[in-house]
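Residue-level structure breakdown
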Amino acid sequence: MADIPPQQSFLTQIGRLLHSAAFLTTAVKYIHCPPDEGAEITFIGRSNVGKSTAINCLTQQTQLARKSKTPGRTQALNFFQTSGELRFVDLPGYGYSQATKHAEAQWAQTLAEYFKKRQSLRGSLWLIDIRHPMTKLDYVMAEWLMQFDFPVHILLAKADKISRGEGLQVEQNVRKALRPYLPNVTTQRFSSLKLIGIDECFKQISNWIYDGEE
């Protein structure tokens, strides 16, 4: 049998780790979060942008993360644990909330507390629709994220809906737009349907949890 190229073997290893993910718990308040240990990666994005689909795609599972019947209504952190010390944390989508102003304020406080205190947070995967990049709400989120100190990697979702050339131009425009807010942000094209950018995303995750060591 031919030897497996080192890079391919490494990506297979990451894929197997993510495939082991299972639902762990839901936290409405920061005190309900699991112990602050290991490594965590959060998923950020507008409602209906495809966060749940991306989680299912990366873990090679079809129903691990389930879409809410009412987009933007669920105000909780959903934790998914792998067989290792890595957890995915699915955050509620922004921009479609039917909660009261008081409930929204409480949720914003919980999320800020998580981002400020969580030592296990390694980075955030921020999904943005490649067809409708940098809406007003995305700029609001970018400005809000400025106060925290963790890396952000953009997944330009639904990349299969436009040409590669158009996608690369959008990627460049998004980096330019975010530079004043998140100067170290990284970007890539991504599609859960056509599996575009899966290996690139695997590499980003591994860089966060293994400090760039393969």
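For the structure, check the block above.
Below, the discussion takes up the side chain of Ser206. Its place among the elements puts Ser206 in helix α6 (residues 198-210). A distance of 2.7 Å separates the side chain of Ser206 from the backbone oxygen of Lys203, its partner in a polar contact.

Following the criterion strictly, the structure yields 10 aromatic pairs and no others. Measuring from ring centre to ring centre gives 4.9 Å for Phe43 and Phe88, while their planes differ by 75°; the resulting arrangement is edge-to-face. Residue Phe43 is found in strand β2 (residues 39-45), and its partner Phe88 is found in strand β4 (residues 86-90); the two are separated by 45 residues along the sequence. The interplanar angle of 55° and the centroid separation of 5.2 Å between the aromatic rings of Phe115 and Phe148 together place this pair among those described as tilted. Separated by 33 residues along the polypeptide, Phe115 in helix α3 (residues 101-117) and Phe148 in the loop between α4 (136-145) and β6 (152-157) bring together distant segments of the chain. By relative accessible area, Phe115 is classed as buried at 6%. Using a relative accessible area of 9% as the deciding quantity, one classes Phe148 as buried. Site record: aromatic cluster; members linked through ring pairs are Tyr30, Tyr114, Phe115, Trp144, Phe148 and Phe150.

Moving on, we get to the environment of Lys158. By the secondary structure assignment, Lys158 is in the loop between β6 and α5 (164-178). On a C-alpha basis, the gap between Lys158 and Leu195 in space is 9.9 Å, while along the polypeptide they are 37 residues apart. Apart from the residues within four sequence positions on either side, Lys158 is in contact with Asn48, Val49, Asp129, Ile130, Arg131, Phe190 and Ser191.

Turning next to α6. Helix length check: α6, at 13 residues, gives a terminal C-alpha distance of 18 Å against a target of 18 Å (1.5 Å per residue), a fit within 8%. Taken residue by residue, α6 has Ile198, Cys201, Phe202, Gln204, Ile205, Ser206, Trp208 and Ile209 as its buried positions. In the stretch just after α6, Asp211 is the one whose phi turns positive, near 55°.

For strand β3 (residues 77-81), the tally of buried residues reaches five of five residues, placing the bulk of the element in the interior. Summarising the sheet, strand β1 (residues 22-27) and β3 pair through five bridges and their orientation is antiparallel. Among the inter-strand pairings, Thr25 is bridged to a residue of β3, identified as Phe79. Relative to β4, β3 runs antiparallel, the two sharing four bridges. Each bridged residue has a counterpart across the sheet, and for Asn78 the counterpart in β4 is Asp90.

Think of it this way: side chains of opposite charge can pair up when their charged atoms draw near. In total, this model carries nine salt bridges according to the counting rule given. One salt bridge connects Arg118 with Asp36, and the closest N-O pair in it is separated by 3.8 Å. Linking Arg118 in the loop between α3 and β5 (121-129) with Asp36 in the loop between β1 and β2, this pair joins segments that are 82 residues apart in sequence. The salt bridge involving Asp160 is made with Lys161; its shortest N-O contact spans 3.8 Å.

Moving on, we get to the state of the cysteines. Inspection of the entire model under this criterion finds zero disulfides. Cysteine Cys201 remains unbridged, with the sulfur of Cys57 as its closest cysteine sulfur at 8.6 Å.

We now examine the nonpolar core. Among the nonpolar cores identified, the biggest contains 35 residues, and Ile44, Tyr114, Phe115, Trp126, Leu145, Ile154 and Leu178 are the most heavily contacted of them. For this core, the secondary structure elements donating two or more residues are β3, α3, β5, α4, β6 and α5. Here this core takes five residues from α3, the largest share from any one element. Formed by 30 residues, the second largest nonpolar core is a distinct cluster that contains Phe43, Cys57, Phe80 and Phe88.

How each quantity is defined
Residue positions within a chain follow its written sequence, with the count starting from 1. Only residues with pLDDT of at least 70 are given local features in this predicted model, and only at 80 or more are side-chain atom pairs given and counted; all residues enter the totals for whole chains, interfaces and linings. Only hydrogens and water are removed before side-chain values are computed, so all heavy atoms of the structure are retained for them. Strands here are runs of E lasting at least two residues and helices are runs of H or I lasting at least four, both read from the DSSP assignment and numbered beginning at the N terminus. Distance and chemistry together define a polar contact, namely a pair of N or O atoms within 3.5 Å, with one atom able to donate a hydrogen and the other to accept it when in protein, and with adjacent residues in sequence counting only for side-chain atoms on both sides. For Phe, Tyr and Trp, rings pair up if their centres lie within 6.5 Å, where Trp contributes its six-membered ring, and each pair is then called stacked (planes under 30 degrees apart), edge-to-face (over 60) or tilted (otherwise). Burial classes: relative accessible area under 20% of the type maximum marks a residue as buried, over 50% as exposed, and values in between as partly exposed (1.4 Å probe, protein chains only). Residue contacts are counted whenever heavy atoms from the two residues lie within 4.5 Å of one another. What a helix should span is 1.5 Å times the count of its residues minus one. We treat two strands as partners when DSSP finds at least two bridges between them. Salt bridge criterion: a side-chain nitrogen from Lys or Arg within 4 Å of a carboxyl oxygen from Asp or Glu. Note on terminology: pairs of cysteine sulfur atoms within 2.5 Å are recorded as disulfides. What we call a nonpolar core is a set of buried Ala, Val, Leu, Ile, Met, Phe, Trp, Tyr and Cys residues that are connected through their side-chain atoms within 4.5 Å.

Just geometry here; none of it tells us what the structure is for.
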